[in-house]
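Structural description and commentary
The primary structure of each chain is shown beneath.
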Amino acid sequence: MKRLILFCAPAALLIAACGDSKKTSETETSSFSIDSARTEITATSARYGEYFGTGDSTSFTACYTSDGCIYPSGMPKICGRDGIAAFFNGGVKMGIKKIVLTTEELMGGKDGLSETGHYEMQGDGGASLDKGKYIVLWKQEDGKWKLFRDIWNSDAPPPATK
């Protein structure tokens, strides 16, 4: 009987400990909220688009992770904040005053999110310069959701070839 008690007591503690770790895991998972992430991403996207009007490349590139990359059409990918800042400055020189981003889908979890949507680039007086679609992969850095991979393309047809 003593042997049975000596065997059952540790087994009961082990089962209880496993149950507690499952609760911790569920708590960690439940602390992620797609709705909270969507709210943060929507706010970041609004600021991101407005930085063109002020020419604020520092704040614009801070929307990206330190190892973020962009994939502009007709060009090689550009990684890192210095390269992204140079691309941003080129856009400002071209007359982009604002980019309006509209999320269509957002999915994922605490380790990363994917977003699809459409954009409109605007110039002086809100004149439409381009419209298209995008995909962004987001990840958290320093406790904030930031753009990790960013690709977009225009809905405009390519120029006619001669």
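Quick summary incoming for the structure in this document.

What counts and how
Residues numbered from 1 in each chain as written. Predicted model: local features only at pLDDT ≥ 70, side-chain atom pairs only at ≥ 80, totals over all residues. Heavy atoms only, no water. Patch = residues over 30% accessible without salt bridge, like charges linked within 9 Å, V, L, I, M, F, W, Y side chains within 5 Å. Areas by Shrake-Rupley, 256 points an atom, 1.4 Å probe, with all protein chains shown as cover. Salt bridge = Lys/Arg side-chain N within 4 Å of Asp/Glu carboxyl O. Helix = DSSP H or I, 4+ residues; strand = E, 2+ residues; numbered from the N terminus. Buried < 20%, exposed > 50% of the residue type's maximum accessible area, 1.4 Å probe, protein only. Expected span 1.5 Å × (residues − 1). Arc of directions from axis to C-beta. Contact = heavy atoms within 4.5 Å. Disulfide = S-S within 2.5 Å. Polar contact = N/O pair within 3.5 Å; in protein donor to acceptor, adjacent residues only side chain to side chain.

A cluster of nonpolar side chains, namely Ile135, Leu137 and Ile151, defines an oily patch on the protein surface of about 230 Å² accessible area. Within the fold, Leu137 resides in strand 5 (residues 128–141). A relative accessible area of 37% places Leu137 in the partly exposed class.

Each α-helix turn comprises 3.6 residues. Residues three or four places apart therefore point the same way. Along its 13 residues, helix 4 (residues 81–93) runs 18 Å from first to last C-alpha, staying within 8% of the 18 Å computed at 1.5 Å per residue. Within the sequence span of helix 4, burial applies to Ile84, Ala85, Phe88 and Gly91. Along helix 4, the residues classed as buried sweep out an arc of 115° about the axis, all on the same side. For helix 4, the exposed residues set more than 90 degrees away from the buried face come down to Asp82, Ala86 and Lys93. Where helix 4 is buried, its residues meet helix 2 (34–54), helix 3 (57–61), strand 1 (64–71) and strand 2 (78–79). Where helix 4 ends, the next residue or the one after it, Gly95, has phi of about 105°, a positive value.

Now for the state of the cysteines. Linking two cysteines covalently via their sulfur atoms produces the bond known as a disulfide. Applying the stated criterion to the full structure yields one disulfide. Residue pairing for Cys69: its cysteine sulfur links by disulfide to Cys79, the two sulfurs lying 2.0 Å apart. Across the S-S bond linking Cys69 and Cys79, the dihedral sits near 105°, which makes this disulfide right-handed. In this pair, Cys69 is assigned in strand 1 and Cys79 in strand 2, connecting sequence segments 10 residues apart.

Within this structure, the stated rule accounts for six salt bridges. In this structure, Asp124 engages Lys97 in a salt bridge whose closest nitrogen and oxygen atoms are separated by 3.9 Å. One end of the pair, Asp124, is in the loop between strand 4 (112–122) and strand 5; the other, Lys97, is in the loop between helix 4 and strand 3 (98–109), with 27 residues separating them in the sequence. The class for Lys97 is partly exposed, based on a relative accessible area of 37%. Among the ionic pairs, Asp155 bridges to Lys133, the shortest N-O distance being 2.6 Å. Within this pair, whereas Asp155 is found in the segment after strand 6 (144–154), its partner Lys133 is found in strand 5, the two being separated by 22 residues in sequence. On the basis of relative accessibility, which here comes to 38%, the residue Lys133 falls in the partly exposed class.

This paragraph deals with the environment of Ser66. As for its placement among the helices and strands, Ser66 is situated in strand 1. If near-sequence neighbours (up to four positions away) are discounted, Ser66 is found in contact with Gly80, Arg81 and Glu141. A polar side-chain atom of Ser66 sits 3.0 Å from a polar atom in the side chain of Glu141.

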